[in-house]
Amino acid sequence: MNKITDAFLHDIPKTDLHVHLDGSMRIETLIELAQERNIPLPSYEPQHLKELLNIGGIHENLESYLRVFDTTLKVLQDEDALTRTAFELAEDAALENCRYIEVRYSPVLHQKNGLSLPVIVESVAAGLRQAKRKYGIMSGQIICALRHMPPQTSLRLAELAVAFKNKGVVGFDLAGGEMNNPADKHAEAFRFIRKNNLNSTVHAGEAYGSRSIHQAIHDCNAHRIGHGTRLRENGDLLNYINDHRIPLEICLKSNVQTAAVDAIENHPLKFYMDFGLRVTLNTDNRLVTDTTITDEYKLACQVFHLTYDEIKRLVLDGFKSAFMPFRKKREVMRLVLEEFEQVSQKHGLHSEVEARGISRYAIDRIGEDPMPD
Ligand SMILES: [Zn+2]
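Just so you know, these numbers come straight off a predicted model, no measurement behind them.

## Digging into the coordination of the zinc ion
Here's step 1: Taken together, the protein ligands of the zinc ion are His18 (NE2), His20 (NE2), His203 (NE2) and Asp284 (OD), with distances of 2.1 to 2.4 Å.
Here's step 2: Around the zinc ion sit four donor atoms; with metal-centred angles ranging over 85 to 173 degrees, the donor geometry is irregular.
Here's step 3: When the donors of the zinc ion are listed by position in the chain, the intervening gaps give H-x1-H-x182-H-x80-D. Note that His18 is positioned in strand 1 (residues 14-20) and Asp284 in the loop between strand 8 (279-281) and helix 14 (293-304), a separation of 266 residues in sequence.

Below you can see the structure in the form of structure tokens.
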């Protein structure tokens, strides 16, 4: 019988496909950057500041959770701050054996001191490159449009994303409060993205029902869904997403904090896995949610008692869902499988499916073949 340990979850290769730059800085860095720039904060003591901002706490809704970003964004208005924050985010991920991250943010929120949009993207790219050189961690940027902003702003951001395609940017997203801000308002930006053969994802079904996911898929042609917590409310759409292998970017801890689920036990993760959906585990916001990718795996294991094979499937689904060229992905997946086996041996763990001689189909599904679907 396999015993899943925290050390095993730390050691396995992982991805983080849904992580916001402005929600994932170190608290110490937030304080340091504020002091250097004479920006007032409610406290300069890390623990106290965390308490004041309700970091890691439960919020009454998504809108209240998003208010923490008002503070982090104050310090992320120059090139150095952006580069440092991007580097540290990738460094923190690399130190817990995260092999690939897709960092998302909305460049228009970093223009208070007059930075141009291209300089913002280049500053983030510089930080991610530094981390790649030091730790080998692969990464890409996702440019976020914001639901509450005018559609013209989304179009400008889509043009920016396309201009930096293959130059650091791997995708486009729609973020922000879902309530009263439907995705179809931004359909033109997503049409532009699609025409330019760029990947897209949309935050949907987090604070609003399955209709929001329907719009993300059919009005925005999203290739992935951010959260999708309320997909279970619409069986027909659930099947469509399953049949088209559209990945869900699940962020467990964050979903509890934004009240997308009333308790972690009621999160649909296990139901989605059992149904066969392609699901990935992600942090959303390392600072605001007070989490790490290893913590998300730990939580999933504690609450849903995941087996070794289910963990392996989550890991492989993460890499499969990456916005990465197919040929490169196939090579990366071969290396990830090898590493996963080595880590498993080191921790004395093995597949229970193979041990019980279950059909080739079942083995395929957990990723014996690097790209089965
Ligand atoms: Zn998010």
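## Some points on helix 5 (residues 68-75)
Here's step 1: Most of helix 5 is tucked away: six of the eight residues are buried.
Here's step 2: Of the residues making up helix 5, those classed as buried are Val68, Phe69, Thr71, Thr72, Leu73 and Val75.
Here's step 3: Check the buried side of helix 5 and you find it contacts strand 1, helix 2 (27-36), helix 4 (62-66) and helix 6 (79-94).

## Some words on the pattern of salt bridges
Here's step 1: If you walk through the whole model with that rule in mind, you get 24 salt bridges.
Here's step 2: With a shortest N-O distance of 2.7 Å, Glu233 and Arg230 are connected by a salt bridge.
Here's step 3: A relative accessible area of 46% means that Glu233 is categorised as partly exposed.
Here's step 4: The class for Arg230 is partly exposed, based on a relative accessible area of 27%.
Here's step 5: Put simply, Lys320 and Asp317 hold a salt bridge, and the shortest N to O gap is 3.7 Å. Pair noted here: Lys320 and Asp317 are both in helix 15 (residues 308-320), with a separation of three residues, about one helical turn. A single burial state applies to Lys320 and to Asp317, both of which are buried.
Here's step 6: One network of salt bridges, with partners in common, ties together Arg26, Glu32, Arg84, Glu88, Glu91, Asp92 and Lys134.

## As for the packing of helix 2 against helix 6
Here's step 1: Relative orientation of the contacting elements helix 2 and helix 6 amounts to 170 degrees, with a least axis distance of 12 Å. On the basis of their axis angle, the class for helix 2 and helix 6 is roughly antiparallel. Every residue of helix 6 that contacts helix 2 at Thr29, Glu32, Leu33 and Glu36 is listed here: Ala81, Arg84, Thr85 and Glu88.
Here's step 2: By residue class, the composition of the contact of helix 2 with helix 6 is two nonpolar, two polar and four charged.

## A few points about the sheet that holds strand 1
Here's step 1: Pairing is parallel across the open sheet formed by eight strands, whose spatial order is 1-2-3-4-5-6-7-8. The open sheet has two edge strands, strand 1 and strand 8, and neither has a second partner. Here the average twist between neighbouring strands, direction ignored, is 25 degrees.
Here's step 2: Two strands pair when backbone bridges link them, and strand 2 (residues 98-105) and strand 3 (residues 138-146) are joined in this way by six bridges, in the parallel orientation. Across the sheet, residue Arg104 finds its bridge partner in strand 3, namely Ile142.
Here's step 3: Against the sheet, helix 10 (residues 210-218) contacts strand 5 (199-204) and strand 6 (224-227), and its axis sits at roughly 170 degrees relative to strand 5.
Here's step 4: Contacting strand 1, strand 2 and strand 8, helix 15 runs over the sheet at an angle of about 100 degrees to strand 8.

## Observations regarding the packing of aromatic side chains
Here's step 1: Applying the stated criterion across every chain yields a total of seven aromatic pairs.
Here's step 2: Three or more aromatic residues link up through ring pairs in this structure, and these residues are Phe8, Tyr308 and Phe340.
Here's step 3: The lysine or arginine in question, Arg224, covers the ring of Phe323, its NZ or CZ lying 3.7 Å from the ring centre.

## Points about the pairing of strand 5
Here's step 1: For strand 5, a buried count of five out of six residues is recorded, marking the element as mostly surrounded by other parts of the structure.
Here's step 2: Sheet topology places strand 5 next to strand 6; four bridges connect them, and they run parallel. Directly across from Ala204, in strand 6, lies its bridge partner His227.
Here's step 3: Handedness of the β-α-β unit built from strand 5, helix 10 and strand 6 comes out right-handed.

## Concerning the confidence of the model for the protein
Here's step 1: When pLDDT is averaged along the protein, the result is 93, and 95% of the positions lie at 70 or above.
Here's step 2: With pLDDT under 50 throughout, residues 359-370 is counted as low confidence; its partners more than four residues away or in other chains account for 26 contacts.

## With respect to unusual backbone geometry
Here's step 1: At Asn97, a position not held by glycine, the phi torsion is positive, near 60 degrees.
Here's step 2: If you trace the backbone, Asn97 turns up in the loop between helix 6 and strand 2.
Here's step 3: Overall, the relative accessible area of 17% leaves Asn97 in the buried class.
Here's step 4: At Asp290, a position not held by glycine, the phi torsion is positive, near 55 degrees.
Here's step 5: Mapped onto the secondary structure, Asp290 falls in the loop between strand 8 and helix 14.
Here's step 6: When its relative accessible area of 34% is taken as the criterion, Asp290 is described as partly exposed.

So, how was this worked out
- Residues numbered from 1 in each chain as written.
- Predicted model: local features only at pLDDT ≥ 70, side-chain atom pairs only at ≥ 80, totals over all residues.
- Heavy atoms only, no water.
- Donors = N, O, S within 2.8 Å, 3.2 Å for Na, K, Ca; no water.
- Tetrahedral: all angles 85-135°; square planar, octahedral: opposite > 155°, others 65-115°.
- Helix = DSSP H or I, 4+ residues; strand = E, 2+ residues; numbered from the N terminus.
- Buried < 20%, exposed > 50% of the residue type's maximum accessible area, 1.4 Å probe, protein only.
- Contact = heavy atoms within 4.5 Å.
- Salt bridge = Lys/Arg side-chain N within 4 Å of Asp/Glu carboxyl O.
- Axes fitted to C-alpha atoms, helices over the stretch in contact; angles between N-to-C directions.
- Parallel < 35°, antiparallel > 145°, perpendicular 65-115°, else oblique.
- Nonpolar A, V, L, I, M, F, W, Y, C, P; charged D, E, K, R; others polar.
- Pairing = 2+ DSSP bridges.
- Phe/Tyr/Trp six-rings, centres within 6.5 Å; stacked < 30°, edge-to-face > 60°.
- Lys NZ or Arg CZ within 6 Å of the ring centre and 35° of its normal.
- Right-handed = clockwise from strand over helix to strand, strands pointing away.
- pLDDT = per-residue confidence, 0-100.

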